[in-house]
Amino acid sequence: MQYSKRMRRACIEMGFWAILLLDLLWCGTHVVAGLVISLFLCSYLLYRMEAILNYRHSRPIRDRMTLPEVRRIELKYSRLDAFNTSEKRALVREGLDRYFYYVRYERVQSLLDRFAKDSRRVLDMGCGFAKNTMYAAEQLGSRSVGLDLDDLKLAWAVSEAFRREIDDRIGLLCADAAHPPMRPQSFDCIVMTEVLEHLVNPAQGLAACHELLAGQGLLILTVPSRHNLAYGNNPFILLEKLLSLLDDRILPGYHNLHAQEEYNRRNPEPEYAIHYNFSHQRLQRMLGEAGFRTIHSGSFEMEIFPYLLVETLCRGDAKRIRRYVAPLEKVITQFPVIGRLGQHLIYVARKNDS
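Residues numbered from 1 in each chain as written. Predicted model: local features only at pLDDT ≥ 70, side-chain atom pairs only at ≥ 80, totals over all residues. Heavy atoms only, no water.

1. Things to note about the state of the cysteines
Consideration 1: Across all of its chains, the model carries zero disulfides by this definition.
Consideration 2: Between cysteine 127, a free cysteine, and cysteine 174, which holds the nearest cysteine sulfur, the sulfur-to-sulfur gap is 9.4 Å. (Disulfide = S-S within 2.5 Å.)

Next up, the structure:
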């Protein structure tokens, strides 16, 4: 049975927890417990140091990034055979991540069913392969438009829409999400999933959405979260994430730019493009400043140790993982605090008439 790197790390941390509790509750020496706490503290301080160094490394790169550069990098990846269709993008992921990849679309589509069932004009901003664009056209009966900077993804979406015989109900446009070439108040609902974090100026993206929405128009938004647990079991990091729900200033400076993994400036991927992470507080503030009021908020893709156990026991089979993780996740996300610590934030906001 193969164990992923994150599974091995999580098992080591859980082993430290077991030693800590064993010493505190049974042995009572407190010497071993003190040593384990010291190891956890050292690991936490290393994580903070790497976060600061990664921020210092990434910030100047982010500040120099331009829209043509972002587009060039996106097209580079879209030309790779492993990334040129939605299905291939899912298959390159490990089992648990593949399950989450599909669930991300399901979360957004459930919100479309719940909040936007009467929307006649829907814009999928940064649509990628246009899966949500097609869903709105087929399931909501909406006139649906998809906009993306990557014309290779749009070319695949055109052929897929033609295959599904809905090409007359959707429109696809290659353009910048921060400066869309459309008339103001053209849409009743805008879907913007995993897009805001890739914009050179995220505030401009929200301002564009506000301008394109008709009065009381709806925005459905998902972004990567700064509160996510990342399968960690270090008590100091867990405490940090919990306290960050009260005040996000406790979190270290974080821009996951030009890096293969979180806080890993030592193993850079030179052409990653822009990737922000948002806290609940910052996203709420940005929505308010852009002229929106939040009517629903939460998170999804909980990254916790039991899911890694399921992934290992299911040998990475995404269908089997769904069987066990889906009901477990449904229960966990009902808890008011834990349910806000997912890998992605998900918000529904209405445009203020004023």
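Having seen the structure, we can now continue with the description.
2. Comments concerning the pairing of strand E3 (residues 170–174)
Consideration 1: Pairing geometry for strand E2 (residues 143–148) and E3, over five bridges, is parallel. Counted as the bridge partner of glycine 146 is leucine 172 from E3.
Consideration 2: Tracing the backbone out of E2, into helix H7 (residues 151–163) and back to the parallel element E3 gives a crossover that is right-handed. (Pairing = 2+ DSSP bridges. Helix = DSSP H or I, 4+ residues; strand = E, 2+ residues; numbered from the N terminus. Right-handed = clockwise from strand over helix to strand, strands pointing away.)

3. Here's the deal with the sheet that holds E3
Consideration 1: Taken in spatial order, the seven strands of this open sheet run E3-E2-E1-E4-E5-E7-E6, and their pairing is mixed. Two strands in the sheet have a free side with no partner beyond their single neighbour: E3 and strand E6 (292–300). Put simply, the sheet's adjacent strands are angled 15° from each other on average, direction ignored.
Consideration 2: Of the pairings in the sheet, the one linking strand E4 (residues 187–193) to strand E5 (residues 213–224) comprises six bridges and is parallel in character. Note that in E5 the partner of phenylalanine 187 across the bridge is leucine 213.
Consideration 3: Strands E2 and E3 of the sheet are contacted by H7, whose axis makes an angle of about 165° with E3.
Consideration 4: Each of E5, E6 and strand E7 (344–351) touches helix H10 (residues 280–289); the most contacted strand, E7, lies at about 20° to it. (Axes fitted to C-alpha atoms, helices over the stretch in contact; angles between N-to-C directions. Contact = heavy atoms within 4.5 Å.)

4. Topic: the confidence of the model for the chain
Consideration 1: Mean pLDDT for the chain: 88, with 93% of residues reaching 70 or above.
Consideration 2: Low pLDDT (under 50) marks residues 258–263, which in the prediction has 24 contacts with non-local residues, meaning those over four places away or in another chain. (pLDDT = per-residue confidence, 0-100.)

5. Thoughts on the nonpolar core
Consideration 1: Core analysis: the biggest nonpolar cluster contains 33 residues, and Met192 and Leu219 have the highest contact counts within it.
Consideration 2: Of all the secondary-structure elements, those providing two or more residues to this core are strand E1 (121–125), E2, E4, helix H8 (202–212), E5, H10 and E7.
Consideration 3: For this core, the element with the highest residue contribution is E5, accounting for four residues.
Consideration 4: In this view, methionine 192 contacts Met125, Ala177, Leu199, Gly205, Cys209, Leu219, Ile220, Leu221 and Thr222; residues no more than four positions away in its chain are not counted.
Consideration 5: Counting residues in each nonpolar core, the second largest holds 19 residues, with Tyr99, Leu308, Val310 and Leu341 among its members. (Core = buried A, V, L, I, M, F, W, Y, C linked by side-chain atoms within 4.5 Å. Buried < 20%, exposed > 50% of the residue type's maximum accessible area, 1.4 Å probe, protein only.)

6. Describing the layout of surface pockets
Consideration 1: Roughly 400 Å³ of internal volume is contained in the second largest pocket.
Consideration 2: As for the second largest pocket, its lining consists of 19 residues, of which Arg107, Ser110, Ser299, Phe300 and Thr333 are closest to the centre.
Consideration 3: Contributions of two or more residues to the lining of the second largest pocket are made by helix H5 (95–115), E6 and helix H12 (318–332).
Consideration 4: Among the elements that line the lining of the second largest pocket, the one with the most residues is H5, at seven residues. (1 Å grid on protein atoms, 1.4 Å probe; cavity = no way out; pocket = protein on both sides within 12 Å on 5 of 7 lines; lining within 4 Å. Points joined across faces, edges and corners; volume = space filled by probe spheres on them.)

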